[in-house]
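# Fold and contact review
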Amino acid sequence: MENAPRAAVIGWPVKHSRSPIIHRHWLKTYDLAGSYDRLALEPEKAEAFFRSFSSSGLVGANVTIPYKETAFSCCDEVDETARVLGAVNTIVLKDGRLLGSNTDEFGFLGSLDSGAPGWDEIGKTAIVLGAGGAARAVVWALLSRGLTVHLFNRTRKRAKVLADRFGSGVQVHEFDDLPTILKTVSIFVNTTSFGMEGQPALDVDLSPMPGSAVVTDIVYVPLETPLLALARHRGLQTVDGLGMLLHQAIPGFELWFGHRPQVTAELRSIVLEDMAWDEKLGEA
Ligand code: NAP
């Protein structure tokens, strides 16, 4: 077992990351030698750590907040998605070179494909709320499936910067335009922290949306956000944010441990159980 591959999630702080639960479940399920840990990396050590990653003893890692841009700048090579998003969340050592990728787009699409199969055939217009780091991956994913994106964000300037990055497929709007644009879309995506535990709920009237539309929220605590509850009552298809978290882990696991894992109902319930524990501890 001494030479078994070791991977980790690297961030600051990192103790709330659910990645170890996911990867350890897969290691056990597929009976593979290897380990996956949490690595809390102090900000002043981050750049040097990534630059000398080959001496860390790890085969690769997930990179989380606040190091996705640092890792991006320290990789010897990055894939197209990481380059477009300007951020790396998965790294692997290959022949002494540090390769970086970004699997958020893959995770978002994997979640929709399994939660609402055929979602990208319903129509070709999307609404995205938010213009932060996660929105970038979501917009890129929607464009990759040929959809046009209508983007809304509290800070219009930030939305404009995101839209400019992607070209004419992304149009920025004022919130006053939302009811009109809702009538035309096949998918509505929330990427803001609205609806997250401890945050205000999103105040939106979904009634103008076509009955065939899909509503998805990338927030997954709580699993059913007020937005998803609203959409369910309206009879719309919904996809929660947990699927994105689970699916984005697939490529890293395959790179480090050599086996392409599956997102299963069992994995979902293990992660949900862990979330319930956190909630209980929070109440105690
Ligand atoms: P971020 O870069 O900080 O962006 C946050 C976004 O939310 C911005 O568009 C921000 O608008 C908006 N926002 C925050 N508070 C707001 C408020 N009170 N009113 C209006 N808008 C508000 O964060 P991120 O990395 O994109 O993450 C966003 C959410 O996605 C988080 O809840 C995160 O947990 C979740 N997420 C989930 C997954 C998954 O796998 N399911 C992956 C990544 C992220 P401004 O630009 O105006 O500030």
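Summarised in this report is the structure supplied together with it. (Residues numbered from 1 in each chain as written. Predicted model: local features only at pLDDT ≥ 70, side-chain atom pairs only at ≥ 80, totals over all residues. Heavy atoms only, no water.)

## Details of the overall build of the chain
A count of helical and extended segments in the chain gives 13 helices and 12 strands. Taken over the C-alpha trace, the chain has a radius of gyration of 19 Å; the compact-globule value for 284 residues is 19 Å, and the two agree within 12%. Within the chain, the proportion of its 284 residues that are buried is 49%. Sequence separation of 24 or more characterises 63% of the internal contacts of the chain that already satisfy a separation of 6 or more. When the accessible area of the chain is evaluated, it comes to approximately 13,600 Å², of which 51% is carbon and sulfur surface. Of the side-chain charges in the chain, 27 are positive and 34 negative, and the distance between the mean point of each set is 3 Å. (Helix = DSSP H or I, 4+ residues; strand = E, 2+ residues; numbered from the N terminus. Rg over C-alpha atoms; globule rule 2.2 N^0.38 Å. Buried < 20%, exposed > 50% of the residue type's maximum accessible area, 1.4 Å probe, protein only. Contact = heavy atoms within 4.5 Å. Areas by Shrake-Rupley, 256 points an atom, 1.4 Å probe, with all protein chains shown as cover. Lys, Arg positive; Asp, Glu negative; His and termini not counted. Charge placed at Lys NZ, Arg CZ, Asp CG, Glu CD.)

## Here we look at unusual backbone geometry
At the junction of Ile65 and Pro66, the peptide bond is cis and its omega measures out at 10° in the coordinates. The linkage connecting Val221 with the following residue, Pro222, adopts the cis geometry, with an omega of 5°. Relative to the helices and strands, Pro222 is located in the loop between strand E11 (214–217) and helix H10 (226–233). In the Ramachandran plot, Asp31 falls in the positive-phi region, its phi being about 55° despite a non-glycine side chain. Position of Asp31 relative to the elements: it lies in the loop between helix H1 (19–29) and strand E2 (35–40). One non-glycine residue, Asp95, lies in positive phi territory at about 50°. In this structure, Asp95 sits in the loop between strand E5 (90–94) and strand E6 (97–101).

## Points about the sheet that holds strand E1 (residues 6–11)
Spatially, 6 strands are ordered E2-E1-E3-E5-E6-E4 in an open sheet, and the strand pairing comes out mixed. Two strands bound the open sheet, and with one partner strand each, they are E2 and strand E4 (77–78). Bridge count for strand E3 (residues 60–63) against E5 is 3 bridges, and the pairing is antiparallel. Among the inter-strand pairings, Ala61 is bridged to a residue of E5, identified as Ile91. Across the sheet, H1 lies against E1, E2 and E3, angled at about 165° from E2, the strand it touches most. Sitting on the sheet, helix H12 (residues 250–257) is in contact with E1, E2, E3 and E5, with an inclination near 20° to E5. (Pairing = 2+ DSSP bridges. Axes fitted to C-alpha atoms, helices over the stretch in contact; angles between N-to-C directions.)

## Concerning the site of the ligand
Within the structure, the ligand sits among 20 residues, and Ala134, Asn153, Thr155, Arg158 and Ile218 are positioned closest to it. In the environment of the ligand, an oxygen atom lies 2.9 Å from a nitrogen or oxygen atom belonging to the side chain of Arg154. Coverage of the ligand by the protein amounts to 74% of the 930 Å² it exposes when considered alone. Looking at the shell around the ligand, the elements with two or more residues in it are helix H7 (133–144) and helix H11 (242–247). When its residues are assigned to classes, the shell around the ligand shows 9 nonpolar, 9 polar and 2 charged. (Near = heavy atom within 4 Å. Polar contact = N/O pair within 3.5 Å; in protein donor to acceptor, adjacent residues only side chain to side chain. Nonpolar A, V, L, I, M, F, W, Y, C, P; charged D, E, K, R; others polar.)

## A closer look at the pairing of E2
For a regular strand, the rule is simple: side chains alternate between the two faces of the sheet. Pairing between E1 and E2: 6 bridges, direction parallel. Bridge pairing in E2 links Val9 to Arg38. Note on the crossover from E1 through H1 to E2: the handedness is right-handed. (Right-handed = clockwise from strand over helix to strand, strands pointing away.)

## Remarks on the nonpolar core
One finds Phe108, Trp119, Leu142 and Ile187 to be the most contacted residues of the largest nonpolar core, which totals 32 residues. Contributions of two or more residues to this core are made by helix H4 (80–85), helix H5 (104–115), strand E7 (125–129), H7, strand E8 (148–152), helix H8 (156–166), strand E9 (170–173) and strand E10 (187–190). Examining the composition of this core, we find that 7 residues originate from one element, H7, more than from any other. If sequence neighbours within four positions are ignored, Ile187 has contacts with Leu112, Trp119, Thr125, Ala126, Ile127, Leu142, Leu147, Met209, Val214 and Thr216. In this structure, Ile21, Leu245, Phe257 and Val271 belong to the second largest nonpolar core, which totals 20 residues. (Core = buried A, V, L, I, M, F, W, Y, C linked by side-chain atoms within 4.5 Å.)

## Digging into the environment of Ala126
Its location among the elements puts Ala126 in strand E7. Ala126 sits in the buried class, given a relative accessible area of 0%. As a C-alpha pair, Ala126 and Leu230 span 104 residues in sequence and 18 Å in three-dimensional space. Setting aside chain neighbours within four positions, we find Ala126 in contact with Leu142, Leu147, Thr148, Val149, His150, Val185 and Ile187.

Everything listed is a geometric property; what it means functionally is a separate question.
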